Amino acid sequence: ELKVEQNPLFLSMQEGKNYTIYCNYSTTSDRLYWYRQDPGKSLESLFVLLSNGAVKQEGRLMASLDTKARLSTLHITAAVHDLSATYFCAVGRYTGTASKLTFGTGTRLQVTL
Amino acid sequence: GAGVSQSPRYKVAKRGQDVALRCDPISGHVSLFWYQQALGQGPEFLTYFQNEAQLDKSGLPSDRFFAERPEGSVSTLKIQRTQQEDSAVYLCASSPRRIASGNTIYFGEGSWLTVV
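Rules used in this analysis
- Residues numbered from 1 in each chain as written.
- Chains lettered and ligands numbered in written order.
- Predicted model: local features only at pLDDT ≥ 70, side-chain atom pairs only at ≥ 80, totals over all residues.
- Heavy atoms only, no water.
- Contact = heavy atoms within 4.5 Å.
- Salt bridge = Lys/Arg side-chain N within 4 Å of Asp/Glu carboxyl O.
- Polar contact = N/O pair within 3.5 Å; in protein donor to acceptor, adjacent residues only side chain to side chain.
- Helix = DSSP H or I, 4+ residues; strand = E, 2+ residues; numbered from the N terminus.
- Nonpolar A, V, L, I, M, F, W, Y, C, P; charged D, E, K, R; others polar.
- Disulfide = S-S within 2.5 Å.
- Buried < 20%, exposed > 50% of the residue type's maximum accessible area, 1.4 Å probe, protein only.
- Phe/Tyr/Trp six-rings, centres within 6.5 Å; stacked < 30°, edge-to-face > 60°.
- 1 Å grid on protein atoms, 1.4 Å probe; cavity = no way out; pocket = protein on both sides within 12 Å on 5 of 7 lines; lining within 4 Å.
- Points joined across faces, edges and corners; volume = space filled by probe spheres on them.

K.L.:
Would you explain the interface of chain B and chain A in this entry?
P.N.:
The parts lose accessible area when they come together, and the size of an interface is often stated as this lost area. At the junction of the two partners, chain B supplies 25 residues and chain A supplies 22 residues. At the junction of chain B and chain A, the tally comes to zero salt bridges. On the surface where chain B and chain A come into contact, there are four residue pairs in polar contact (both at pLDDT 80 or more). Listed by contribution, the elements that provide at least two residues to the side of chain B that touches chain A are β4 (31-37), β5 (44-50) and β6 (53-56) of chain B. Its residues assigned to classes, the side of chain B that touches chain A comprises 12 nonpolar, 10 polar and three charged.

Written as structure tokens, this is what we have:
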């Protein structure tokens, strides 16, 4: 059974600081996704990582994928309050017939002034 | 519409009542997913459709849960004889193709179900 673990589960950081969220998964994957969720809202797609060594950046967020280590990271540079949200990674698997996303536990990020 | 649309947004059901949740995916999207998200948790997979075919229903928690997508567009998730543990947000998502193609998967706002 595929397991997806994120750490930390909760992160409080000051504005201007850098930090990394880690996403480990237990079996081979086709794709790795990062989503943002604001309280009471749905999931907003941030990144889709397609292959080993993939790196994508958008603003203060950068995601990377190491399929050999079964690890993805989401790096936050010079955090601002607007980045406060819960961040989920999700592993995509295609079985030949069906597709499925398995989500991590989520990391709740709180950026303080 | 421009995004994945779900209705109702909020539903309060008495225990034992049947509910139906509707999902209108982005036009032309082949893949459609249903997820269940309990408070403070990550979304849990329920079922997957490719066009009208339900190819994976391994996440449906019991035979009280039933999903359909008869014409390959709109989907309905039905929960019979609701129980308190069914209280959650039910998220629908769609994607232009299969996951293997690497397309973004778009989520709707969710249907918030509370069973009292």
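After that view of the structure, there is still more to cover.
K.L.:
Can you help me understand the state of the cysteines in this one?
P.N.:
Applying the stated criterion across every chain, the model contains two disulfides over all chains. One disulfide in the model links C23(A) with C89(A); its S-S distance is 2.0 Å. Because the torsion about its S-S bond is 80°, the bridge between C23(A) and C89(A) counts as right-handed. Of the two residues, C23(A) sits in strand β3 (residues 19-25) while C89(A) sits in strand β9 (residues 85-94), which places them 66 residues apart along the sequence. Judged on exposure class, the residue C23(A) and its partner C89(A) are both buried. Paired by a disulfide, C23(B) and C92(B) hold their sulfur atoms 1.9 Å apart. Taking the torsion about the sulfur-sulfur bond, which here is approximately -70°, the covalent link between C23(B) and C92(B) counts as left-handed. With C23(B) in strand β3 (residues 19-24) and C92(B) in strand β9 (residues 88-95), the pair connects residues that are 69 residues apart, well separated along the chain. For the pair C23(B) and C92(B), one class covers both residues: buried.

K.L.:
Sorry if this is basic, but what is going on with the packing of aromatic side chains here?
P.N.:
Here a ring pair, both rings aromatic, is described through the centre-centre distance and the interplanar angle of the planes. Evaluation of the coordinates by the stated rule reveals 12 aromatic pairs over all chains. Geometrically, the ring pair formed by Y35(A) and F103(A) is tilted, given 5.9 Å between the ring centres and 45° between the ring planes. You can see Y35(A) sitting in strand β4 (residues 31-37) and its partner F103(A) sitting in strand β10 (residues 99-103), a full 68 residues away along the chain. For the pair formed by Y35(A) and F103(A), the shared burial category is buried. Consider the rings of F33(B) and Y35(B), whose centres lie 6.3 Å apart with planes at 35°: the pair is tilted. Through a chain of ring-to-ring contacts, three or more aromatic side chains come together here, namely Y33(A), Y35(A), F88(A), F103(A), F33(B), Y35(B), F45(B), Y48(B) and F107(B).

K.L.:
Would you take a moment to explain the layout of surface pockets for this structure?
P.N.:
Once rolled over the atoms, a probe with the size of a water molecule shows which space is left empty. Taken as a whole, the largest pocket encloses approximately 610 Å³ of empty space. What lines the largest pocket is a set of 29 residues, among which Q37(A), P39(A), Q37(B), L39(B) and G40(B) lie closest to the centre. Of all elements in the fold, only β9 and β11 (107-112) of chain A together with β9 and β11 (111-115) of chain B reach the threshold of two or more residues within the lining of the largest pocket. Per-element tally for the lining of the largest pocket: the top contributor is β11(A), with four residues.

K.L.:
Explanation requested: the environment of T104(B) in the structure shown.
P.N.:
In this fold, T104(B) is placed in the loop between β9 and β10 (106-107). In this structure T104(B) comes out as partly exposed when scored by relative accessible area, which is 22%. Residues T104(B) and S94(B) lie 10 residues apart in sequence; the distance between their C-alpha atoms is 8.7 Å. Those residues in contact with T104(B), other than ones at most four positions away along the chain, are S45(A), V48(A), S94(B), S95(B) and P96(B).

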